[in-house]
Amino acid sequence: MPQFASDGMRALFTAEEMSFRQEVRAFVAANLPAEIASKLMGGLHPGRADVETWTRILHERGWAAYSWPEEYGGPGFSPVERYIFEDECARAGAPELVPFGLKMVAPVIMKYGDDRQKAHYLPRIARLDDFWCQGYSEPGSGSDLASLKTRAVLEGDRYIVDGQKVWTTSAHEADWIFCLVRTSKEGKRQNGITFLLIDLKSPGITIRPIITLDGKHEINEVWFEGVEVPVENRVGEEGKGWTYAKYLLEHERLNFGGMGFCKRELARLKAMAAETMRGGRPVLDDPGFKLRLEALEAELLAVDMTNLRFLREVAAGRENALQAPVLKIISSEIQQTISELQTRALGSRALAFNPQGTASNTPHHYAAENYCNMRKTTIYAGSNEIQRNIAAKGILG
Amino acid sequence: MNLAAEIDAGDGLPVLFEPDDTLDMFKDMVGRALGDLGQADWSAISAVLKELGLFEALLPASRGGYGGARLASLVCDRLGEAGLATPFTVSWAAIGRFLNTIEGSGPRLDEIAAGLNEGSALATLAMHETDALPASRDFETRLRHVGERWEIDICKRMIPFAAQADWLFVPATTESGAAALVVLGRDAFSDALRPYDLIDGTPAADLDITGLALSDENILLFGKEADAALREMRNMLCAALCAEAVGAMRAMVTATRDYLGMRRQFGQVLSDFQALRHRFIDMEIVLTKAETMAALASAAVDNGAGGADEALVDKCRYIVIRSAWAVSQEAMQMHGAIGMASETPLGAYFKRLLALSLWFGDEDEALLAQTR
Ligand SMILES: Cc1cc2nc3c(=O)[nH]c(=O)nc-3n(C[C@H](O)[C@H](O)[C@H](O)COP(=O)(O)OP(=O)(O)OC[C@H]3O[C@@H](n4cnc5c(N)ncnc54)[C@H](O)[C@@H]3O)c2cc1C
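Predicted model, so just to flag it, every value in this text is computed and none were measured.

A. How the structure looks around the domain arrangement of chain A. Residue and element names in this part refer to chain A. When cut into domains, chain A gives domain 1 (6-97), domain 2 (132-240) and domain 3 (256-396). One C-alpha centre belongs to domain 2, the other to domain 3, and the line joining them spans 31 Å. Listed per partner, the contact involves 6 residues of domain 2 and 9 residues of domain 3. Summed over both sides, the interface of domain 2 with domain 3 buries roughly 650 Å², with 56% coming from carbon and sulfur.

B. Here's a closer look at the interface of chain B and chain A. Chain B puts 43 residues into the contact, and the matching count from chain A is 44 residues. Buried area between chain B and chain A, summed over both chains or domains, comes out near 3,700 Å², and the portion from carbon and sulfur atoms is 58%. Three residues stand out in chain B for area buried against chain A, namely Ile-199, Gln-333 and Met-340 of chain B, and they jointly supply 18% of the buried area on that side. The interface formed by chain B and chain A contains 6 salt bridges. In this structure, Arg-278 of chain A engages Glu-365 of chain B in a salt bridge whose closest nitrogen and oxygen atoms are separated by 4.0 Å. On inspection of chain B and its partner chain A, the count reaches 26 residue pairs in polar contact (both at pLDDT 80 or more). Of all elements in the fold, only β3 (149-160), β6 (193-197), β9 (264-265), α10 (274-303), α11 (310-335), α12 (346-358) and α13 (363-368) of chain B reach the threshold of two or more residues within the side of chain B that touches chain A. With 6 residues, the top contributor of residues to the side of chain B that touches chain A is α12 of chain B. Across the side of chain B that touches chain A, the residue classes break down as 20 nonpolar, 9 polar and 14 charged.

C. Here's a closer look at the packing of aromatic side chains. All names here are of chain A. For the structure shown, the criterion picks out 22 aromatic pairs over all chains. Note on Trp-63 and Phe-77: the rings are 6.1 Å apart at their centroids and 65° apart in plane angle, and the pair reads as edge-to-face. Taken together, the positions of Trp-63 in the loop between α4 (48-61) and α5 (79-91) and Phe-77 in the loop between α4 and α5 put the pair 14 residues apart, joining distant regions of the chain. Each member of the pair, Trp-63 as well as Phe-77, is classed as buried. Members of the aromatic cluster, each reached through a chain of ring pairs, are Phe-20, Phe-27, Trp-63, Tyr-66, Phe-77 and Phe-85. The ring centre of Phe-13 lies 5.3 Å from the NZ or CZ of Arg-21, which sits over that ring. Of note, Lys-263 hangs over the ring of Phe-4, and the distance from its end group to the ring centre comes to 5.5 Å.

D. Just empty space enclosed by the protein, in detail. All names here are of chain B. This model, assessed by the stated rule, comprises 8 cavities of 30 Å³ or more. Here the largest cavity is characterised by a volume of approximately 190 Å³. Considering the residues around the largest cavity, the lining is formed by 17 residues, among which Pro-160, Thr-202, Leu-241, Arg-352 and Trp-359 are closest to the centre. Listing elements by their share of the lining of the largest cavity, those giving two or more residues are α6 (88-101), α9 (223-262) and α12. Here the residues of the lining of the largest cavity sort into 11 nonpolar, 3 polar and 3 charged. Of the voids in this model, the second largest cavity is the one considered here, and its volume is about 80 Å³. Every residue along the wall of the second largest cavity is listed here: Cys-238, Leu-241, Cys-242, Ala-245, Arg-317, Val-320, Ile-321, Leu-356, Ser-357, Phe-360 and Gly-361. Counting residues per element, the ones that place at least two in the lining of the second largest cavity are α9, α11 and α12. For the lining of the second largest cavity, the leading source of residues is α9, giving 4 residues. A breakdown of the residues in the lining of the second largest cavity according to their chemical character gives 8 nonpolar, 2 polar and 1 charged.

Parameters at a glance
Residues numbered from 1 in each chain as written. Chains lettered and ligands numbered in written order. Predicted model: local features only at pLDDT ≥ 70, side-chain atom pairs only at ≥ 80, totals over all residues. Heavy atoms only, no water. Domains from an automatic or database assignment. Contact = heavy atoms within 4.5 Å. Buried area = accessible area lost by both parts, 1.4 Å probe. Salt bridge = Lys/Arg side-chain N within 4 Å of Asp/Glu carboxyl O. Polar contact = N/O pair within 3.5 Å; in protein donor to acceptor, adjacent residues only side chain to side chain. Helix = DSSP H or I, 4+ residues; strand = E, 2+ residues; numbered from the N terminus. Nonpolar A, V, L, I, M, F, W, Y, C, P; charged D, E, K, R; others polar. Phe/Tyr/Trp six-rings, centres within 6.5 Å; stacked < 30°, edge-to-face > 60°. Buried < 20%, exposed > 50% of the residue type's maximum accessible area, 1.4 Å probe, protein only. Lys NZ or Arg CZ within 6 Å of the ring centre and 35° of its normal. 1 Å grid on protein atoms, 1.4 Å probe; cavity = no way out; pocket = protein on both sides within 12 Å on 5 of 7 lines; lining within 4 Å. Points joined across faces, edges and corners; volume = space filled by probe spheres on them.

Put into structure tokens, the structure is as follows:
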């Protein structure tokens, strides 16, 4: 019996897609290292080494750059195949591949980079020789990204970069950062923005940790003081960075699914509820909890199926103004709801504090820590308020 | 100024929601004193409360104090707003207040009460065992008669401020299935504690001891009396946690108001965006109802000569906990990324509200409690 509608309902997938699912499932079962899977199944976040190991395994199979077209060394999966691939990997406990390289900077390089950039960076991204991070946000520029101030001045054959990026995920583990920088203050502010690729080992870069409320070091401040960036590290034209960043948003508009991750966390939720006693019986049998769990499963099904529906619509060329913002909103909210219900399931047993990344010798599900951490999903990648503004603009004008 | 002296003990408290200058003054003084302290440890906080005459003010009216649960909750509210997780709630609001109501029940209790009333000693209550909910009967902790003596097998989890406590109150079940309330001095339990921190920074500990020999002095109450005492402390603790939660929520609402008025994006302050204006007012609405219900909960405890109206306390708890989830999530969202950084106080309030919301079970539990 398939556990989720998306596993095997005949009306949902073609025969080819179903056999593709089997192929991925078998590969993951045979190749995902057990210690990585058990870590993630226990609620721990993967470290760089875990992601590297898994990326290399997939690379051997030709699946590391699974979202790329064949011409750049990807397997050329259709959108639905990508969905299936992510679903199977995440549910088996595989770490998410570094999105900043694969899904963010790579498509920009493919579309706007020169031949040297394509030849140099893309294979390194696919193999995870370079771990990328994203330098967009600044202290004064969050939702209003176009107001960014980090300055880049062209001097001969290099830019001199000064300024500060903030909330930069994984900068402390990364090798490279792609940045939006200001190269002009003239005219429309969007037109003075340039897209630069910066080696994080460059002199003048300082990375400082920001510890989040869950006690984890995930994000950073990145300071640039007189950092020299060769002009060949500019993608496309000077002053066109905003266009490229927007292309990225549009190109990757249906990227924010995370449905496999949700299903893995749902399974964890049920395990937590089965082992925790509340009022003398397992939480899983508690009438209040049961109602919430049923509601959550219905909700997740609605999100998952809407995701699949959008993928089919977009693949058929039927894009509309709702799809991307709606997908971001509903996917991020369901992720939060799952982590919230995990915390509720454990109740007082969720309260012992054990931040990610610290050693723990007691069994711990990281439910409350992850609940705190997951607040990010409605804030980053264009906050859910901004997504609503985008959707409203698209529909109401 | 000494608060106890200011309060006209004869009058008791005004009816609920009646604006009252003395109570307002009291609130202001406690709030200001705690605000000046910042993130202090308990000895500094208790010194300030002592200087304000707070421990005397908490005495029953018959002994010149104000006595009520409402006063204790008011302090809890201010502690919550100041972002302080302290032993005040369990030690003074729950245990101290209870001991004062049964004054003269024996030398050991009087000794403990005296220490608490002076603000010098600290007591805690072991409520949780294996179950996620605090146990209220059929404890796994067993009290046995062995020959002439008593022995206890203790298995308690998540005892707040255990390592700091001078006295540990331990609910247990006797061989005949009756409840018993046992008290231990620190020498009897401190070495066996397994301490850790909770997500809101509250120090807690698990405790397992087998075959601990007790003397008669350790055993405070049996049967119905023990049940009633536990209910009383539990109800007061519920009311006190509601008050703390409301204080913490108010701090988050205030922080959000200030931040929306200050943070500029797209050339305007966030508080100019109508979507956020409405969301913010919804937070105020939720907070207002929670404040009302937290006040009602402590009034229900004060009122309960024969035990508080538990159905009423549960309704209050339902509203407060529901509000705590909503306010903490909304405040975090409206701050954007900066709210998640641990250098800002917002995350600490978020986690404090999480801990307060789960201590007695979430709001579903508050609803279900009356159906069990
Ligand atoms: C864990 C985490 C990881 C991140 N990783 C990265 C990263 O790797 N790289 C990177 O560049 N950035 C990263 N970010 C930053 C993220 O992109 C920003 O947090 C986001 O753009 C929001 O900006 P802000 O935090 O400054 O909030 P603000 O823009 O200040 O917004 C505050 C609140 O106001 C709301 N708001 C703002 N404008 C409007 C409006 N017009 N109408 C209605 N509501 C509005 C917002 O939705 C939010 O709720 C990360 C953030 C987090 C939390």
